[in-house]
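Structure assessment
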Amino acid sequence: MTNKDIILHELTSDEISAGKPFAHFGWEGGKEFSFMCISDGYWESAKIILITMINDSGNFALVDSLIYPLFFNYRHSVETMLKALYFSYGNQTEEARQNFLKVGHNLENLWGILRPFLIKGVKHVGSEVDLTTIEHYIKSINAFDPDSMIMRYPIEKNLKVNKEQESHFDFINFGERMNDLCDSLRQLNYDLSNQMTDTASSEELDIYLGIYEKYRQEIINFISILEIESKKESERAFTIETLFNSLNNKQISPILQYLNDCDSDLLILFDNLFYGGRSVNEHVVRLSNSAVTRQKEFVKFCNELMNQDGLCFGKRPEPGQINIYEKTASALLEGISTAISILNLE
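All values reported here derive from a predicted model rather than from experimental measurement. Counting starts from 1 at the beginning of each chain's written sequence and moves along it residue by residue. Only residues with pLDDT of at least 70 are given local features in this predicted model, and only at 80 or more are side-chain atom pairs given and counted; all residues enter the totals for whole chains, interfaces and linings. Where side-chain values are given, they derive from all heavy atoms of the structure, hydrogens and water being excluded.

Side note on the overall build of the protein
If you tally the helices and strands in the protein, you get 14 helices and 0 strands. Each helix is a run of DSSP H or I of at least 4 residues and each strand a run of E of at least 2, with the numbering of both proceeding from the N terminus. Put simply, the protein runs from its N terminus to its C terminus through helices and strands in the order α-α-α-α-α-α-α-α-α-α-α-α-α-α. By the compact-globule yardstick of 20 Å for 346 residues, the protein is too spread out, its C-alpha radius of gyration being 28 Å. Projecting the C-alpha coordinates of the protein onto the three principal axes gives extents of approximately 85 × 50 × 40 Å. Contact definition: two residues touch when any of their heavy atoms are within 4.5 Å. Residue pairs in contact within the protein that sit at least 24 positions apart in sequence constitute 79% of those at least 6 positions apart. Using a 1.4 Å probe, accessible areas were evaluated by the Shrake-Rupley method; residue-level cover was limited to the displayed protein chains. Summed over its atoms, the accessible surface of the protein is roughly 20,600 Å², and 54% of this surface lies on carbon and sulfur atoms. Counted charges follow a simple rule, with Lys and Arg positive, Asp and Glu negative, and His plus the chain ends left uncounted. Charge placement uses NZ in Lys and CZ in Arg. For Asp and Glu, CG and CD serve respectively. Charged side chains in the protein number 32 positive and 50 negative. The centres of these two groups are separated by 3 Å. Values of the radius of gyration come from C-alpha atoms, whereas the globule rule sets the reference at 2.2 Å times the count of residues to the power 0.38.

Side note on the packing of aromatic side chains
Only the six-membered ring of Trp is used, alongside the rings of Phe and Tyr, when aromatic pairs are assigned; centres must lie within 6.5 Å, and planes under 30 degrees apart are stacked while those over 60 apart are edge-to-face, with the rest tilted. With the rule as written, the count across this model stands at 14 aromatic pairs. Taken together, a centroid distance of 4.4 Å and an interplanar angle of 40° make the contact between Phe222 and Phe270 tilted. Of this pair, Phe222 sits in helix H9 (residues 216-235) while Phe270 sits in helix H12 (residues 264-281), and the two are 48 residues apart along the sequence. When sorted by exposure, Phe222 lands in the same class as Phe270, which is buried. An aromatic cluster of three or more residues is present, and its members are Phe71, Tyr74, Phe144, Phe169 and Phe174. Its end group placed over the ring of Tyr190, Arg286 keeps NZ or CZ at 4.5 Å from the ring centre. Note on exposure labels: buried denotes an accessible area under 20% of the residue type's maximum, exposed denotes more than 50%, and partly exposed covers the range between, all computed with a 1.4 Å probe on protein chains only. Criterion for a charge above a ring: Arg CZ or Lys NZ at most 6 Å from the ring centre, at most 35 degrees from the ring normal.

Observations regarding the nonpolar core
Definition used in this section: a nonpolar core is a set of buried Ala, Val, Leu, Ile, Met, Phe, Trp, Tyr and Cys residues joined via side-chain atoms within 4.5 Å. Among the nonpolar cores identified, the biggest contains 46 residues, and Tyr208, Ile219, Leu226, Leu269, Phe270 and Ile336 are the most heavily contacted of them. Broken down by secondary-structure element, the contributors of at least two residues to this core are helix H8 (202-214), H9, helix H11 (254-260), H12, helix H13 (291-309) and helix H14 (329-343). Those residues in contact with Phe270, other than ones at most four positions away along the chain, are Glu218, Ile219, Phe222, Tyr258, Leu259, Cys262, Ile324 and Ile336. Listed in part, the 44 residues of the second largest apolar core include Ile49, Phe100, Leu114 and Leu185.

With respect to the pattern of salt bridges
Every case where a carboxyl oxygen of Asp or Glu lies within 4 Å of a side-chain nitrogen of Lys or Arg is listed as a salt bridge. Throughout the structure, instances matching the rule amount to 14 salt bridges. With a shortest N-O distance of 2.7 Å, Glu135 and Arg115 are connected by a salt bridge. Taken together, the positions of Glu135 in helix H6 (residues 131-144) and Arg115 in helix H5 (residues 107-125) put the pair 20 residues apart, joining distant regions of the chain. For Glu135, a relative accessible area of 16% gives the class buried. Its salt-bridge partner being Glu229, residue Lys232 comes within 3.3 Å of it at the nearest N-O pair.

Remarks on helix H4 (residues 94-102)
What sets the pattern is the α-helix's 3.6 residues per turn: residues three or four places apart point alike. Of all the positions in H4, only Ala96, Arg97 and Phe100 are classed as buried. The buried residues of H4 occupy an angular sector of 100° when projected down its axis, which confines them to one face. Away from its buried face by more than 90 degrees, H4 exposes Glu94, Glu95 and Lys102. Elements in contact with the buried residues of H4: helix H2 (32-55), helix H3 (60-89) and H5. Directly after H4, the chain includes Gly104, whose backbone phi takes a positive value near 90°. To obtain the arc, one takes the directions from the helix axis to the C-beta atoms.

Some points on H5
Between the first and last C-alpha of H5 there are 25 Å, a value that for 19 residues agrees with the 27 Å anticipated at 1.5 Å per step. The reported bend at a residue is simply the angle between two axes, fitted to the 7 residues ending at it and to the 7 residues beginning with it. Along its length, H5 shows its largest kink, about 40°, at Leu114, and proline Pro116 lies within four residues downstream of that point. Residues of H5 that are buried include every one of Leu107, Leu110, Trp111, Leu114, Leu118, Gly121, His124 and Val125, and no others. Considering only its buried residues, H5 is in contact with H3, H4, H6, helix H7 (171-192) and H13. The definition of a polar contact used here is a pair of N or O atoms within 3.5 Å, where within protein one atom must be able to donate a hydrogen and the other to accept one, and adjacent residues in sequence count solely through side-chain atom pairs. Capping the start of H5 is the job of one residue whose side-chain oxygen sits 3.2 Å from the backbone nitrogen of Glu108: Asn106. Downstream of H5 by one or two residues, Gly126 has phi in the positive range, about 85°. Multiplying one less than the number of residues by 1.5 Å gives the expected span of a helix.

Describing the packing of H13 against H14
All axes here are fitted lines through C-alpha atoms, helices being fitted over the stretch that makes contact, and every angle between N-to-C directions spans 0 to 180 degrees. Packing of H13 against H14 brings their axes to within 8 Å, and their N-to-C directions diverge by 130°. As far as their axial angle goes, H14 and H13 are oblique. Residues Arg294, Gln295, Phe298 and Val299 of H13 form the contact with H14, whose participating residues are Ala339, Ile342 and Leu343. Partitioning the contact of H13 with H14 into residue classes produces 5 nonpolar, 1 polar and 1 charged. Angle categories: roughly parallel below 35 degrees, roughly antiparallel above 145, roughly perpendicular from 65 to 115, and oblique for all the rest. Residues are grouped as follows: nonpolar covers Ala, Val, Leu, Ile, Met, Phe, Trp, Tyr, Cys and Pro; charged covers Asp, Glu, Lys and Arg; every other residue, Gly included, is treated as polar.

Okay, structure coming up:
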């Protein structure tokens with residue numbers, strides 16, 4: 001250790017090429033993703049500390065010192081996750097985000113501002129997470145350490161000891177409960193992600209539903225074919241060999257035959273219903289719990305998909321614009337059935 005030592009070393013391209021270990025930071029930006037990255041890092045470090053404490057629980061010299069970073073890392077992971085959630089679902093103006101950050105480290109105050117936005121999201125798309133339980137956890141942590149100082153320092157600025165008495169802290173229970181909280185906050189984020197916020201106008205809804213009603217019987221017929229072919233899929237193992245045999249025998253499946261005989265608008269509709277329904281099933285987009293609003297959001301989303309693909313009712317699609325020909329019967333059935341249930345307000 002000398003006064004010539006380089007403390008903060010940036011790897012050269014040669015060192016990187018040689019495989020010298022390094023860590024990235026500074027690439028994550030300044031939005032919700034950056035808060036999530038930091039939150040994940042503090043959570044992972046807390047779990048490492050917890051495992052160390054459990055494995056060496058009889059070593060009080062170690063355990064009694066690690067309790068401080070254990071608590072702080074869990075707490076800071078929660079704090080940064082609350083900020084990530086606000087950046088994702090709170091007021092999106094720059095001023096509102098600045099004001100939220102100015103609240104500081106008080107978890108209960110942060111939660112109080114964030115909670116109405118989460119309630120709105122849960123009401124809109126639903127969630128497996130109980131916000132009342134989340135609030136109980138946050139209030140409990142905050143009551144013990146409201147300003148993120150208790151477990152970082154032994155005294156206050158006035159030199160007064162900040163811990164009034166000796167405690168026998170159940171760090172295993174604490175770690176388990178904090179892991180539950182961190183898991184729940186991430187589940188909440190997942191449940192509320194990709195919400196559809198726009199709805200189709202009355203005109204857009206009428207046009208789309210008009211096309212849907214026009215071809216309702218043809219759609220029912222196609223669903224019947226898909227159900228039959230899907231059942232056949234489940235009864236036989238699909239292999240490359242069976243595919244080549246089918247191609248060599250120039251067999252045209254009932255699905256392809258039906259699609260080949262479709263009107264242009266019906267073909268576009270099938271393509272759109274499949275990709276729209278699949279997107280809902282895979283949570284690429286999350287729709288309202290209200291059947292009526294859900295229908296309007298879905299039509300808006302389907303129109304956006306058509307615009308992205310350059311498709312339009314009344315205009316014959318170009319080669320390559322329709323991408324459902326090679327899809328399996330079961331996949332088509334699943335996606336289109338979901339779309340139909342939404343349009344039928346089920």
